[in-house]
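Observations on the model geometry
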Amino acid sequence: MVLSRSETLAEQAISQYGEMVYRLAFSHTGSRQDADDIYQEVFLRLVRCSTAFEDGEHLRAWLIRVTINCCNSLWRSPWKRRTVPLVQVEDTPVEMGPELAELTEALGRLSSKDRTVIHLFYYEDLSVAQLSRLLGERESTIRSRLTRARQRLKQLLEGGEA
């Protein structure tokens, strides 16, 4: 069996960046099923993509951007707006203690933009400069969003409303 360039690239991307894509999708959706759908969509788009990636960082940035776009598309879809989950508490992809569960719940209550900058900065170790390029905003805007997101998260964790 001969693999095409896109299939080989997709296999390498899945092994190298698959967990990152899934974590980002799950942090946006809070649902394993939606995260699975987004994960599949992102890598399907990679297989269909004709972009020549310069290096691993270019591919990583592309995957992050496509993941965020897929998450945003999910929330805009008429189907998602009309559905109500059968179970209120979603399963998390890992078992966690009470402190981590509280943090995860608080992160879920942040806005999508706040969750995105927090997740990419802390969980994916992207710098402010990288976030700026990736999200298409000035570095000062990213720093402000991070500061506000941290403040909202702190309020939520202390029991206040953000």
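Residues numbered from 1 in each chain as written. Predicted model: local features only at pLDDT ≥ 70, side-chain atom pairs only at ≥ 80, totals over all residues. Heavy atoms only, no water.

Take the packing of helix α7 (residues 128-135) against helix α8 (residues 139-157) next. The interhelical angle for the contact between α7 and α8, taken along N-to-C directions, is 110°, at an axis separation of 8 Å. Considering the angle they form, α7 stands roughly perpendicular to α8. Contacts from Val-128, Ala-129, Leu-131, Ser-132 and Leu-135 of α7 reach α8 at Glu-139, Ile-142, Arg-143, Arg-145 and Leu-146. Here the residues of the contact of α7 with α8 sort into six nonpolar, one polar and three charged. (Axes fitted to C-alpha atoms, helices over the stretch in contact; angles between N-to-C directions. Helix = DSSP H or I, 4+ residues; strand = E, 2+ residues; numbered from the N terminus. Parallel < 35°, antiparallel > 145°, perpendicular 65-115°, else oblique. Contact = heavy atoms within 4.5 Å. Nonpolar A, V, L, I, M, F, W, Y, C, P; charged D, E, K, R; others polar.)

Attention now goes to the environment of Gly-56. Topologically, Gly-56 is positioned in helix α3 (residues 56-76). Distance in space between the C-alpha atoms of Gly-56 and Gln-16 is 9.4 Å, their sequence separation being 40 residues.

Take the pattern of salt bridges next. When charged atoms on two side chains of opposite charge get close, those side chains can pair. All chains considered together, the criterion is met by eight salt bridges. A salt bridge links Arg-152 to Asp-114; the shortest N-O distance between them is 2.5 Å. Remark: Asp-114 occurs in helix α6 (residues 112-123) and Arg-152 occurs in helix α8; sequence separation between them is 38 residues. Judged by its relative accessible area of 5%, Asp-114 is buried. The salt bridge involving Arg-143 is made with Glu-139; its shortest N-O contact spans 3.6 Å. With Arg-143 and Glu-139 both in helix α8 and four residues apart, this pair spans about one turn of that helix. (Salt bridge = Lys/Arg side-chain N within 4 Å of Asp/Glu carboxyl O. Buried < 20%, exposed > 50% of the residue type's maximum accessible area, 1.4 Å probe, protein only.)

Bringing the nonpolar core into the picture now. The biggest cluster of nonpolar side chains holds 42 residues, and the ones touching the most others in it are Leu-46, Leu-59, Leu-63, Ile-64 and Leu-120. Looking at this core, the elements that each hand over two or more residues are α1 (5-29), α2 (32-48), α3, α5 (98-109), α6, α7 and α8. The element that contributes the greatest number of residues to this core is α1, accounting for 10 residues. The residues contacting Leu-120, other than those within four sequence positions of it, are Leu-24, Ile-64, Ile-68, Asp-125, Leu-126, Leu-131 and Leu-134. (Core = buried A, V, L, I, M, F, W, Y, C linked by side-chain atoms within 4.5 Å.)

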